[in-house]
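Observations on the model geometry
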Amino acid sequence: MSGTVKEKRVKTVPIWMGILTFALAFGAGVASKFVIQPGWAKEYSVAWSDALGTRRIDLPYGDGEANKFDLYLPADSGKENYGLVVYLHAGGFTAGDKSGDVEMLSWLCKKGYVAAGVNYTLFAELEGGATNGASVLTQSEEIRNAIPKVIEAAQKEGYPIDSMAIAGGSAGHALAMIYAYRDAGQSPISVKMTFGAVGPSCFYREDWDNYGFDRETEESYQGAAGIFSAMLGELLSVEEIKDGSYLEKMKPISAAEWITPDAPPTVVAYGVHDRVQPFKASVRLKAALEKNGVDFQYFEMPHSGHGLQNDHALYKQWMETVDEYLDSYMPVK
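Residues numbered from 1 in each chain as written. Predicted model: local features only at pLDDT ≥ 70, side-chain atom pairs only at ≥ 80, totals over all residues. Heavy atoms only, no water.

Some remarks on the side chain of aspartate 323
Examined against the element boundaries, aspartate 323 turns out to sit in helix 9 (residues 312-329). Judged by its relative accessible area of 14%, aspartate 323 is buried. Side-chain polar atoms of aspartate 323 contact the side chain of lysine 111, separated by 2.6 Å. Aspartate 323 has contacts with Glu43, Tyr44, Trp107 and Lys111, leaving out every residue within four places of it along the chain. (Helix = DSSP H or I, 4+ residues; strand = E, 2+ residues; numbered from the N terminus. Buried < 20%, exposed > 50% of the residue type's maximum accessible area, 1.4 Å probe, protein only. Polar contact = N/O pair within 3.5 Å; in protein donor to acceptor, adjacent residues only side chain to side chain. Contact = heavy atoms within 4.5 Å.)

Quick look at the structure:
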């Protein structure tokens, strides 16, 4: 018998193999808005005008080209303190810009909040199949680094901040939840609530059945390894997918895994027929909020996909609830 022991080969899927799937799948989620706005939506979609206050555009918060934010300062500038609402743009982690949320940010400013839209370095493929190094993890770290700079900029403009909410749509919603549940303890000010729609919150393979990752096939394992590697920014092996050990590695970007009884009040909306982010993951998010006794409202849109476009009455109720939670947890004084 030979004394030579053959080393077990661990099959890995290069990150670049997940790029195309990553970009095509999540790039579809550029926004969670109606294509045709119903009449009631105008209340929450405000065109910017100088009567609302002052805007400061493209303020830097870091060294990266994308490390910029826009600050919306309400016309009433004489208060002792203000609440801050940070809204993060959609775009599947690969596209989008803070300029796409002017109406939402203007509405928040009109309500009397300091509002901020924050850009982050988008995931991109470079020539030769390499990437620019961006991932959901690095994007979440950029957002964490941006918050103190946003607060500092508001203070310099004469708007002291004493509380905040963080929100977003799709990819922006995922990043907002990561900050609210993972990073709130490091926030310079208290995070009073979070809201948003259709953001992926966790990465249990069996939940991602919209991509076929729930199947017990080699193709399924490789697909999960590819797209999860791209989102994490770290190479995952097929074996890690099979034995479930990848879940611990994914925890830094799995918002639902960070929920505790101290998590901020939450308002979320998801479409049952979402083909971009896995609906089953949102059910797991709901269970985590329930288990930890968090004050939350979860809106399940039974006829809608990623755009929440086919449940007008529920969509209206969701926005009304966001408004109510803002008024309750971060009242404008």
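Structural notes on unusual backbone geometry
Of note, the phi angle at serine 170 is positive, near 55 degrees, even though the residue is not glycine. Tracing the chain through its elements places serine 170 in the loop between strand 5 (161-169) and helix 4 (171-183). Residues other than glycine seldom take positive phi values, yet leucine 308 does so here, at roughly 50 degrees. Inspection of the secondary structure puts leucine 308 in the loop between strand 8 (296-301) and helix 9.

Observations regarding the packing of helix 2 (residues 102-111) against helix 9
Contact geometry for helix 2 and helix 9: axes closest at 12 Å, N-to-C directions at 40 degrees. The orientation of helix 2 with respect to helix 9, classified from their angle, is oblique. Here helix 2 and helix 9 pass one another in a crossing that is right-handed. Contact residues: helix 2 offers Met104, Trp107, Leu108 and Lys111, while helix 9 offers Met319, Val322, Asp323, Leu326 and Asp327. Partitioning the contact of helix 2 with helix 9 into residue classes produces six nonpolar, no polar and three charged. (Axes fitted to C-alpha atoms, helices over the stretch in contact; angles between N-to-C directions. Parallel < 35°, antiparallel > 145°, perpendicular 65-115°, else oblique. Left-handed = near helix turned anticlockwise from the far one by under 90°. Nonpolar A, V, L, I, M, F, W, Y, C, P; charged D, E, K, R; others polar.)

What about the sheet that holds strand 1 (residues 53-60)?
If you walk across this open sheet you meet the eight strands as 1-2-4-3-5-6-7-8, and the pairing is mixed. The strands lining the two open edges of the sheet, one partner per strand, are strand 1 and strand 8. Ignoring which end each strand starts from, the neighbouring axes of this sheet average 15 degrees apart. Relative to strand 8, strand 7 (residues 266-271) runs parallel, the two sharing six bridges. Residue pairing across strands places valine 268 opposite tyrosine 298, the latter belonging to strand 8. On top of the sheet, helix 8 (residues 279-291) reaches strand 7 and strand 8; it is set at about 160 degrees to strand 8, its chief contact. (Pairing = 2+ DSSP bridges.)

Thoughts on the pattern of salt bridges
Per the stated rule, a full pass over the model turns up 16 salt bridges. When the shortest N-O distance is used, the salt bridge between lysine 98 and aspartate 58 registers 2.6 Å. Placement of the pair is lysine 98 in the loop between strand 3 (82-88) and helix 2 and aspartate 58 in strand 1, with a sequence separation of 40 residues. Across the pair lysine 79 and aspartate 76 runs a salt bridge whose closest N-O atoms are separated by 4.0 Å. What you see here is one network of salt bridges that share partners, running through Asp58, Asp70 and Lys98. (Salt bridge = Lys/Arg side-chain N within 4 Å of Asp/Glu carboxyl O.)

Some points on the packing of aromatic side chains
A complete count under the given rule lists 14 aromatic pairs for this structure. Where tryptophan 208 meets phenylalanine 228, the ring centres are 5.2 Å apart and the plane angle is 80 degrees; that geometry is what we call edge-to-face. Of this pair, tryptophan 208 sits in the loop between strand 6 (190-197) and helix 5 (218-232) while phenylalanine 228 sits in helix 5, and the two are 20 residues apart along the sequence. Per residue, the accessibility class of tryptophan 208 equals that of phenylalanine 228, and both read buried. The aromatic ring of tryptophan 258 is capped on one face by lysine 251, whose charged end is 4.8 Å from the ring centroid. Here arginine 284 stacks its cationic end above the ring of tyrosine 204, 3.7 Å away from the centre of that ring. (Phe/Tyr/Trp six-rings, centres within 6.5 Å; stacked < 30°, edge-to-face > 60°. Lys NZ or Arg CZ within 6 Å of the ring centre and 35° of its normal.)

Quick look at the confidence of the model for the protein chain
As a general rule, the predicted coordinates of low-pLDDT regions are not to be interpreted in detail. In this model, the protein chain carries a mean pLDDT of 90, and residues with pLDDT of at least 70 account for 88%. Overall, residues 1-9 carries pLDDT values under 50, and its contacts beyond four positions in sequence, including any with other chains, amount to one contact. (pLDDT = per-residue confidence, 0-100.)

Let's talk about the side chain of aspartate 70
Counting through the fold element by element, aspartate 70 comes out in strand 2 (residues 68-74). By relative accessible area, aspartate 70 is classed as buried at 4%. For aspartate 70, the side chain forms a polar contact with the side chain of lysine 98, separated by 2.8 Å. In this structure aspartate 70 touches Arg56, Ile57, Asp58, Lys98, Ala115, Ala116 and Gly117, once residues within four positions along its chain are discounted.

Notes on the environment of alanine 41
With respect to the secondary-structure elements, alanine 41 resides in the loop between helix 1 (15-27) and strand 1. Taking the C-alpha atoms as reference, alanine 41 lies 8.7 Å from methionine 319; in sequence the two are 278 residues apart.

Re the environment of tryptophan 48
Assignment of secondary structure puts tryptophan 48 in the loop between helix 1 and strand 1. Overall, the relative accessible area of 17% leaves tryptophan 48 in the buried class. Spatially, the C-alpha atom of tryptophan 48 lies 9.3 Å from that of cysteine 109, the residues being 61 residues apart in sequence. Filtering out sequence-adjacent residues up to four positions away, tryptophan 48 remains in contact with Gly53, Thr54, Arg55, Tyr72, Val102, Ser106 and Cys109.

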